[in-house]
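Structure assessment
The chain contents come next:
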Amino acid sequence: MPRRPLARAALLLATALAACDRAAPLPREFDGAAALRTVETQLAFGPRIPGTDGQRRMAAWLDSLGRALADTVLTQDWENVTAKGTKFPLHNVLWRFNPGARDRILYLAHWDTRPISDGEKAMPADRGKPVPGANDGGSGVAILVGVAEALRRKPSPVGVDLLFVDGEDWGSFTDSTESLLGSRYYARHQAPGPTPLYAVLWDMVGDRDLRIYEEGNSSLGAPEVVQLVWDAARAAGHGDVFVAEPKYTLTDDHVPLQQVGIRAIDVIDFDFPWHHTPDDTLDKVSAQSLQAVGDVAVAVIRRQEK
């Protein structure tokens with residue numbers, strides 16, 4: 001007999017949770033069309049390769065825009081030296097919202113672009129060309145900028161840090177001195193304050209044919225954060241985009257953060273035919289895809305507020 005009330009309570013709770021998932025999504029705070037314009041703005045700087053004018057212009061833009069949107073802007077500037085002795089300047093930019101809050105979330109994206117198109121298969125002569133980086137670089141930055149605009153309009157009691165890392169796509173991913181440079185640097189030189197509750201990397205999330213699967217190192221290193229993000233996606237009506245299945249395991253900017261104890265995951269659509277090619281251009285990115293991902297990015301923060 002005592003078990004019946006408990007069983008009934010569990011049934012009511014399950015019904016209520018199911019009703020919440022079926023409820024209309026919260027009013028949209030993210031603007032996918034504006035995010036697409038942010039991608040276009042980045043492309044206008046040219047390739048954002050370390051040591052180039054495109055890098056310098058983009059770094060200045062990130063700093064200026066951050067001061068207009070965020071409560072605090074921190075920059076990390078250093079000269080990177082690879083194992084082969086190549087030197088070039090790198091710049092991480094951190095936008096902080098509610099910097100005094102103890103409970104913090106870290107979002108990050110890389111803003112640099114790959115100097116060579118080594119993913120090009122059809123046209124071998126084009127492999128020496130730089131990657132424009134509309135999706136690989138531009139889309140993640142657009143998500144962070146759109147989140148910043150939402151937080152500017154409606155501040156959060158939760159602390160939110162938006163980290164734009166440089167040098168992710170510089171060289172070989174088998175050499176720790178040539179890739180993931182900004183996230184590796186940040187892992188060693190973190191911003192002052194408490195460790196974030198968790199971190200989410202947004203990378204290659206603007207693909208017109210967007211399907212985001214669970215990434216292996218994320219599920220291994222921070223399964224509860226994967227669950228949190230995918231639950232938010234389902235509740236926001238984007239369960240068709242965020243597929244709750246594993247598909248690939250990647251070495252990306254979340255890995256250096258995991259290595260220093262941050263519960264970090266990678267949100268990425270790695271099935272992008274123009275990855276590391278000269279055809280990673282604006283026409284390969286859609287406002288609809290950016291809208292879906294941006295909705296989820298904002299929803300995760302709003303859920304943390306409850």
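Check the entry above for the structure.
What this report covers is the structure whose coordinates are included nearby. Along every chain, residues carry numbers that run from 1 in the direction the sequence is written. Whole-chain, interface and lining totals are the exception, using all residues; otherwise, since this is a predicted model, local features are given only for residues with pLDDT of at least 70 and side-chain atom pairs are given and counted only at 80 or more. Calculation of side-chain values draws on the structure's entire complement of heavy atoms; hydrogens and water are dropped beforehand.

**Describing helix H4 (residues 138–153)**
Cut-off, in case you're wondering: Strands are runs of DSSP state E lasting at least two residues, helices are runs of H or I lasting at least four, and both sets are numbered from the N terminus onward. Helix span is expected to be 1.5 Å times the residue number reduced by one. When accessible area is computed with a 1.4 Å probe and restricted to protein chains, residues below 20% of their type maximum are described as buried, those above 50% as exposed, and intermediate ones as partly exposed.
Helix length check: H4 (16 residues) gives 23 Å between terminal C-alpha atoms against 22 Å at 1.5 Å per residue, within 8%. Judged by how many residues are buried, H4 sits mostly within the fold: 13 of 16 residues are covered.

**A look at the side chain of Thr38**
How we decide: Throughout, a residue-residue contact means that at least one pair of heavy atoms, one from each residue, lies within 4.5 Å.
Mapped onto the elements, Thr38 comes out in helix H2 (residues 32–44). Beyond its immediate chain neighbours, meaning those up to four positions away, Thr38 contacts Trp61, Ala142 and Val145.

**Let's talk about the packing of H4 against helix H9 (residues 287–304)**
When two helices pack together, their arrangement is given by the angle between the helix axes and the distance between those axes. Under the convention used in this document: Only C-alpha atoms enter the line fits that serve as axes; for helices the fit covers just the stretch in contact. Angles between N-to-C directions range over 0 to 180 degrees. Angles are sorted into four bins: roughly parallel if under 35 degrees, roughly antiparallel if over 145, roughly perpendicular if 65 to 115, and oblique for all others. Helix crossings fall into two classes, left-handed where the near helix is turned counterclockwise from the far one by less than a right angle and right-handed where it is turned clockwise. Any residue outside Ala, Val, Leu, Ile, Met, Phe, Trp, Tyr, Cys, Pro, Asp, Glu, Lys and Arg is labelled polar, Gly included; the first ten of those are nonpolar and the last four are charged.
Interhelical geometry of H4 versus H9 gives an angle of 50 degrees and a closest axis separation of 10 Å. With respect to H9, the axis of H4 lies oblique. Like other packed secondary-structure pairs, H4 and H9 cross with a definite hand, here right-handed. In contact with Ser139, Ile143, Val147, Ala150 and Leu151 of H4, H9 contributes Leu290, Val293, Gly294, Ala297, Val298, Ile301 and Arg302. Split into classes, the residues belonging to the contact of H4 with H9 amount to nine nonpolar, two polar and one charged.

**A look at the pattern of salt bridges**
Rules: Salt-bridge detection follows one rule: a side-chain nitrogen of Lys or Arg within 4 Å of a carboxyl oxygen of Asp or Glu.
Tallying each qualifying case throughout the model produces 14 salt bridges. With a shortest N-O distance of 3.8 Å, Glu178 and Lys84 are connected by a salt bridge. Of this pair, Glu178 sits in the loop between strand S4 (159–165) and helix H5 (181–188) while Lys84 sits in the loop between strand S1 (72–81) and strand S2 (87–97); the two residues are 94 residues apart in sequence, bridging distant segments of the chain. Given a relative accessible area of 9%, Glu178 falls into the buried group. Residue Lys84 is classed as exposed on the basis of its relative accessible area of 68%. Residues Arg302 and Glu305 are paired through a salt bridge, measuring 2.6 Å at the closest nitrogen-oxygen approach. Assessed through its relative accessible area of 27%, Glu305 is described here as partly exposed. Each member of the salt-bridge network shares a partner with another, and the members are Glu29, Arg302 and Glu305.

**Points about the sheet that holds strand S5 (residues 198–203)**
Across a sheet, paired strands are connected by hydrogen bonds in the backbone, their directions being either parallel or antiparallel. For clarity, the cut-off: Strands pair, by our definition, only if DSSP identifies at least two bridges between them.
Spatially, S1-S2-S4-S3-S5-S8 is the arrangement adopted by the six strands of the open sheet, whose pairing is mixed. On the outer flanks of this sheet lie S1 and strand S8 (264–268), each paired with one strand and no other. Averaged over all pairs of adjacent strands, the angle between strand axes in this sheet comes to 20 degrees, irrespective of strand direction. In terms of strand pairing, S2 meets S4 through five bridges, oriented antiparallel. Note that in S4 the partner of Arg96 across the bridge is Asp161. Contacts from helix H7 (residues 223–235) reach S5 and S8, with the element oriented near 40 degrees to S8.

**Side note on the nonpolar core**
Side chains that are nonpolar tend, in soluble globular proteins, to be buried together. Threshold: Throughout this description, the term nonpolar core refers to a set of buried Ala, Val, Leu, Ile, Met, Phe, Trp, Tyr and Cys residues connected via side-chain atoms within 4.5 Å.
Core analysis: the largest hydrophobic core is formed by 59 residues, its most contacted members being Trp95, Tyr107, Leu162, Phe164, Phe242 and Val267. Among residues more than four places away in sequence, those in contact with Phe242 are Ile212, Val229, Trp230, Ala233, Val267, Val293 and Val296. In this structure, Leu108, Val165, Leu201 and Ala264 belong to the second largest nonpolar core, which totals 13 residues.

**Some words on the environment of Ile49**
With respect to the helices and strands, Ile49 occurs in the loop between H2 and helix H3 (53–69). Ile49 has contacts with Gln55, Thr113, Arg114, Pro115, Pro130 and Trp170, leaving out every residue within four places of it along the chain.

**What to know about the environment of Val243**
The topology assignment puts Val243 in strand S7 (residues 242–248). Residues Val243 and Ala125 lie 118 residues apart in sequence; the distance between their C-alpha atoms is 36 Å. Discounting residues that sit within four places of it in the chain, Val243 has contacts with Arg211, Ile212, Tyr213, Glu214 and Trp230.

**Regarding unusual backbone geometry**
In most cases, non-glycine residues show a negative phi, while peptide bonds are predominantly trans. Even without a glycine there, the phi angle at Leu180 is positive, about 55 degrees. Among the structural elements, Leu180 can be located in the loop between S4 and H5. For Leu180, a relative accessible area of 0% translates into the label buried. A positive phi is found at His276, a non-glycine position, where the angle reads about 60 degrees. Of the residues examined, His276 reaches a relative accessible area of 9% and is grouped as buried.

Read these as layout, nothing more, since geometry by itself doesn't imply function.
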